[in-house]
Amino acid sequence: MEIKTYNPRDWRSHPPYSFKDYGSSVKRGPLKKLLPLKQTLSEITGPLFSDIKLAPGENDLTRSADSGKEAMGERIIVVGRVLDEDDRPVPNTLIEIWQANAAGRYHHPVDQHNAPLDPNFSGAGRCVTNERGEYRYLTIKPGAYPWLNHSNAWRPAHIHLSFFGPAFVTRLVTQFFFPGDPLIPLDPIFNSVPTKAGRQRLMASYAHDVTEPEFALGYRFDVVLRGRQATPFEGPQ
Amino acid sequence: MSKETPSQTVGPFYSIGMTRQPMNLMASASTQGERICIEGQVLDGDGVPIPDVMVEIWQANGYGRYNHPDDKQEKPLDKSFTGWGRSGTDAKCFYRFETIKPGPVPGNDGAVQAPHINVVIFARGMLVHAFTRIYFADEPANGDDAVLNSVKNKARRKTLLAQRGERDGKIVYRFDIRLQGGGETVFFDM
């Protein structure tokens, strides 16, 4: 059997484990050098969720799944493509979404920010890319919220996204941000990405072609997962 | 060529998007293989168990086959087993999976790998996830495993071994993960 491995993790794109301006990172990442592992069948396979059946409405966070009532806030449409490093679409891949509500509060017992919860907004959704790697979901634009990292610390509005891709090594969890938000340059989590070009890849763009008249503004956020080496090598047996 | 999208932390509220439903019960009554529980804590650099951590695992079935089109071995697939699981933590900061012990899978250069489970760890405070592997301390095939043997320091190699125990007649493997400091688990760049 031949093995087609994936490109190595691009460490110039990713934050380091320990980034002192983000206090919680300091004790929560390896200090020793990572051990290089030559990919095997274990790394080039991974969960595909190919038989997953999403319930109607999982890609619409603007309505309560229970009551059907509308959440408060600015309705937005988020679209994008999931590609690999060679710009090939990643089709039929699961995306998990979570975020704060319009007031900047998460539907979570640990979130004690004194801002209103919205009974019609869970902040959770899922969608799957189509054959062209495209995804689309509806949500409410999240609010900024305070956190305790440093004095007067505020997270810029962001949405969390989780991706699997075709293999164990293509897993990615990220956050994206909205253009023009003055809190972005002050955010240590955003700033943990080592290059300006990398940070730019966490920015959604306003997409007037996605905006629907009398309904909602559109944003586009494309995602790039690890690509695959062109040449197979003789792996197992 | 495009560049990878940077990783960002899952933050403290990942359960909203990722662990609302239990996804750690991987084996059903009809799953083939030795039923095991794997559990442990993830510890920070001060040795303190982390509550807001999430562990995902990916493994072969009891025959040693992955449920994935790139696994072209002729071993059987097991319809009752996807090989993937995800766990947050309980009130005592334990993650836990109910699964089966995986069979051996091929390695590179014609070798066979000792049974193992592939692990990825996410947490508030982790800007990028960490990869490790769970091996079984009582497994005779460990001695010939290329990945285990690539860990030259024997004390560090032990950080990849889950210890077998028993509770209420069930087999329970304990696998703690130390993110840094004394006894830091071996993490891989893969």
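These numbers come from a predicted model, not from an experiment.

Trainee: Residue-level account of the overall build of chain A, with values.
Mentor: Each helix and strand counted, chain A has three helices and 14 strands in total. On C-alpha atoms alone, chain A measures out to a radius of gyration of 19 Å, which is about the 18 Å that the 2.2 N^0.38 rule sets for 237 residues. Along the three orthogonal principal directions, the C-alpha set of chain A runs to about 60 × 40 × 35 Å. Sorting the 237 residues of chain A into buried and exposed places 55% on the buried side. Look at the contacts in chain A between residues 6 or more apart in sequence, and 70% of them connect residues 24 or more apart. Summed over all atoms, the accessible surface of chain A reaches about 10,700 Å², with 55% contributed by carbon and sulfur. For chain A, the separation between the mean place of its 28 positive charges and that of its 26 negative charges on side chains is 7 Å.

Trainee: Which residues make up the interface of chain B and chain A, and what values do they have?
Mentor: On the chain A side, the residues contacting the 73 residues of chain B number 84 residues. Taken together, the two surfaces of chain B and chain A that pack against each other cover about 6,800 Å², and 58% of this comes from carbon and sulfur. Three residues, E4, Q8 and M190 of chain B, lead the burial of chain B against chain A; their summed loss comes to 12% of the area buried on that side. Summed over the shared surface of chain B and chain A, the result is six salt bridges.

Trainee: Describe the environment of V110 of chain A, and please don't skip the residues or the numbers.
Mentor: Turning to its location among the elements, V110 of chain A is positioned in the loop between strand 4 (94–99) and strand 5 (124–128). Sequence separation of V110 of chain A and C127 of chain A is 17 residues, and the distance between their C-alpha atoms is 26 Å.

Trainee: Describe the layout of surface pockets, listing the residues and the values that go with them.
Mentor: Its volume calculated, the largest pocket comes out at about 600 Å³. Listing elements by their share of the lining of the largest pocket, those giving two or more residues are strand 4 of chain A together with strand 3 (84–87) of chain B. For the lining of the largest pocket, a count of residues per class yields 15 nonpolar, eight polar and six charged. Approximately 450 Å³ is the volume attributed to the second largest pocket. For the lining of the second largest pocket, the element with the highest residue contribution is strand 7 (residues 145–147) of chain A, accounting for three residues. The class makeup of the residues in the lining of the second largest pocket is ten nonpolar, eight polar and four charged.

Trainee: Now, about the packing of aromatic side chains: what can you tell me, with residues and values included?
Mentor: Aromatic ring pairs are defined here through the distance separating the ring centres and the angle between the ring planes. For the coordinates displayed, the defined rule picks out 17 aromatic pairs over all chains. Plain terms: the ring middles of Y135 of chain A and Y137 of chain A are 6.1 Å apart, the flat faces sit at 15° to each other, and that makes the pair stacked. Pair check on accessibility: Y135 of chain A and Y137 of chain A agree, each one buried. The interplanar angle of 85° and the centroid separation of 5.6 Å between the aromatic rings of F164 of chain A and W84 of chain B together place this pair among those described as edge-to-face. Within this pair, whereas F164 of chain A is found in the loop between strand 9 (158–163) and strand 10 (172–177), its partner W84 of chain B is found in strand 3, the two belonging to separate chains. The pair formed by F164 of chain A and W84 of chain B is uniform in burial state, with each residue classed as buried.

Trainee: Kindly report on empty space enclosed by the protein, identifying the contributing residues and their values.
Mentor: This model, assessed by the stated rule, comprises four cavities of 30 Å³ or more. By volume, the largest cavity is sized at about 70 Å³. Every residue lining the largest cavity is listed: P47, F164, A167, F168 and R171 of chain A together with E56, I57, W84 and V120 of chain B. Of the residues belonging to the lining of the largest cavity, the class tally is seven nonpolar, no polar and two charged. The calculated volume of the second largest cavity comes to roughly 40 Å³.

Trainee: Hey, could you go over unusual backbone geometry for me, with residue numbers and the actual values?
Mentor: Residues and elements named next belong to chain B. For D109, which is not a glycine, the phi torsion comes out positive at approximately 60°. The topology assignment puts D109 in the loop between strand 4 (94–100) and strand 5 (116–123). Its relative accessible area of 63% is what places D109 among the exposed residues. Phi is positive for D168, which is not a glycine, with a value near 50°. Within the secondary structure layout, D168 lies in the loop between strand 7 (161–167) and strand 8 (170–174). Residue classification places D168 among the exposed positions, given a relative accessible area of 75%.

What counts and what doesn't
Residues numbered from 1 in each chain as written. Chains lettered and ligands numbered in written order. Predicted model: local features only at pLDDT ≥ 70, side-chain atom pairs only at ≥ 80, totals over all residues. Heavy atoms only, no water. Helix = DSSP H or I, 4+ residues; strand = E, 2+ residues; numbered from the N terminus. Rg over C-alpha atoms; globule rule 2.2 N^0.38 Å. Buried < 20%, exposed > 50% of the residue type's maximum accessible area, 1.4 Å probe, protein only. Contact = heavy atoms within 4.5 Å. Areas by Shrake-Rupley, 256 points an atom, 1.4 Å probe, with all protein chains shown as cover. Lys, Arg positive; Asp, Glu negative; His and termini not counted. Charge placed at Lys NZ, Arg CZ, Asp CG, Glu CD. Buried area = accessible area lost by both parts, 1.4 Å probe. Salt bridge = Lys/Arg side-chain N within 4 Å of Asp/Glu carboxyl O. 1 Å grid on protein atoms, 1.4 Å probe; cavity = no way out; pocket = protein on both sides within 12 Å on 5 of 7 lines; lining within 4 Å. Points joined across faces, edges and corners; volume = space filled by probe spheres on them. Nonpolar A, V, L, I, M, F, W, Y, C, P; charged D, E, K, R; others polar. Phe/Tyr/Trp six-rings, centres within 6.5 Å; stacked < 30°, edge-to-face > 60°.

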